[in-house]
Structures are given as structure tokens and as C-alpha cells.
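# Inside the fold
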Amino acid sequence: MKKLLLFLLLLNGCATQGVDRSELNVIKKEFYASIISMKEVKLSSEVNTGIVGGASIGVIDELDGNHEDMIAGALAGAIVGGLFTAIFEGSNKAFEYTLRTENNDLITIIQKEKVSVLSECVKVKIASKVSVVSASKEKCQFI
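Not measured: the values here are computed from a predicted model.

Thresholds applied
Residues numbered from 1 in each chain as written. Predicted model: local features only at pLDDT ≥ 70, side-chain atom pairs only at ≥ 80, totals over all residues. Heavy atoms only, no water. Salt bridge = Lys/Arg side-chain N within 4 Å of Asp/Glu carboxyl O. Helix = DSSP H or I, 4+ residues; strand = E, 2+ residues; numbered from the N terminus. Buried < 20%, exposed > 50% of the residue type's maximum accessible area, 1.4 Å probe, protein only. Disulfide = S-S within 2.5 Å. Expected span 1.5 Å × (residues − 1). Arc of directions from axis to C-beta.

## Overview of the pattern of salt bridges
For the structure shown, the criterion picks out 3 salt bridges. Note that lysine 39 and glutamate 96 form a salt bridge whose closest N and O atoms lie 3.7 Å from each other. Taken as a pair, lysine 39 in strand 1 (residues 29-42) and glutamate 96 in strand 2 (residues 93-101) lie far apart in primary sequence, 57 residues in all. Among the salt bridges present, the one from lysine 137 reaches glutamate 120, with a minimum N-O distance of 3.7 Å. With lysine 137 in the segment after strand 5 (130-134) and glutamate 120 in the loop between strand 3 (106-111) and strand 4 (121-126), this residue pair connects regions lying 17 residues apart in the sequence. Here lysine 137 falls in the partly exposed class, since its relative accessible area comes to 44%. Among the residues examined, glutamate 120 registers a relative accessible area of 44% and is labelled partly exposed.

## Thoughts on the state of the cysteines
Across all of its chains, the model carries 1 disulfide by this definition. Shown here is the disulfide that connects cysteine 121 with cysteine 140, its sulfur atoms set 2.0 Å apart. Of note, the bridge from cysteine 121 to cysteine 140 carries an S-S torsion of about 70 degrees and is right-handed in sense. Taken together, the residues span a long stretch of sequence, with cysteine 121 in strand 4 and cysteine 140 in the segment after strand 5 at a distance of 19 residues.

## Examining the environment of serine 34
Position of serine 34 relative to the elements: it lies in strand 1. Sequence separation between serine 34 and threonine 98 is 64 residues, and the spatial gap between their C-alpha atoms is 8.7 Å.

## Points about helix 2 (residues 47-61)
The terminal C-alpha atoms of helix 2 lie 21 Å apart, and with 15 residues this matches the ideal 21 Å at 1.5 Å per residue to within 8%. Along helix 2, the residues that are buried comprise Gly50, Gly54, Ala55 and Gly58. The buried residues of helix 2 occupy one face: seen down the axis, they fall within an arc of 130 degrees. Across from the buried face of helix 2, at angles greater than 90 degrees, the exposed residues are Asn48, Thr49, Val52 and Ile60.

## Observations concerning unusual backbone geometry
The phi dihedral of asparagine 104 falls on the positive side, at around 65 degrees, and the residue is not glycine. The residue asparagine 104 is located in the loop between strand 2 and strand 3 in this model. According to the relative accessible area criterion, asparagine 104 is exposed, its value standing at 52%.

What follows is the structure in C-alpha cells.
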């Protein structure tokens, strides 16, 4: 039985992965743009909400105890709620790029990944999310 299970697991690992289902009915567009400006921005955070929510749950969980238990529950809940929210959010550091397209349109994109601006040219990919990556300067000869 164990050999059969191991064989099925190995066979499943060799199966063709195909196109991800999240790609269904998604329009994708790629184009090149030149970088007009880049600046670092700070993203908003929900850590305070996580602290308050965790503290509330901690107090509610200890309602059957005395006031010291409720205070301890609130402190523990606040720490856990704030910590999990901070871990989930990750860094608050992001980058805002102002780009000029071939049609002289200006677009602004904010993303966490920093792009090398040495070539002054980026490839923009728009699907369900937008991503920007460095490209060779020759791709932006339209400027």
C-alpha cells in the first residue's frame, strides 16, 4: 500500500502543470515605457487594527475570569494580533514610478519591487496585476 501511495505521489509530480486557472478570462498587455521619475513611498499599515482586534478577542476570551485575566488576555491578544498583521503585510516600503509610454501617455505604478533605472527603460506587463521590470534602452527608442 505504501509503495502504491509513493508511486501515485511521484506520478502526480511528473504531471504537466498547464496554465494556472487564475489566468482564465484575463487580458494581458505588455509594452515598453521610459522612466520619468522614481521615488520611495511608505504603504499604509493595518497593524494598529490588528492590535485592537487581538486585544478585543483576548478580553472576550477571558470574560469568565477576573480582571487580571482579562488584562493578560488583552495584552497577549494585542501582541499576537499586531505581530500576525505585521508578518502578513510585510515591509511598508514601496516605489512609485512615473512612466512615459510610446504614445506619450504618463502612467504611475506603485510596486514593492525596485527596478534598476540605469537603462531608463522598463517593460510593463498588465494583467490582473501590473508588474514593471528593467528593459534595454533600445526598447524605448521612441522617446
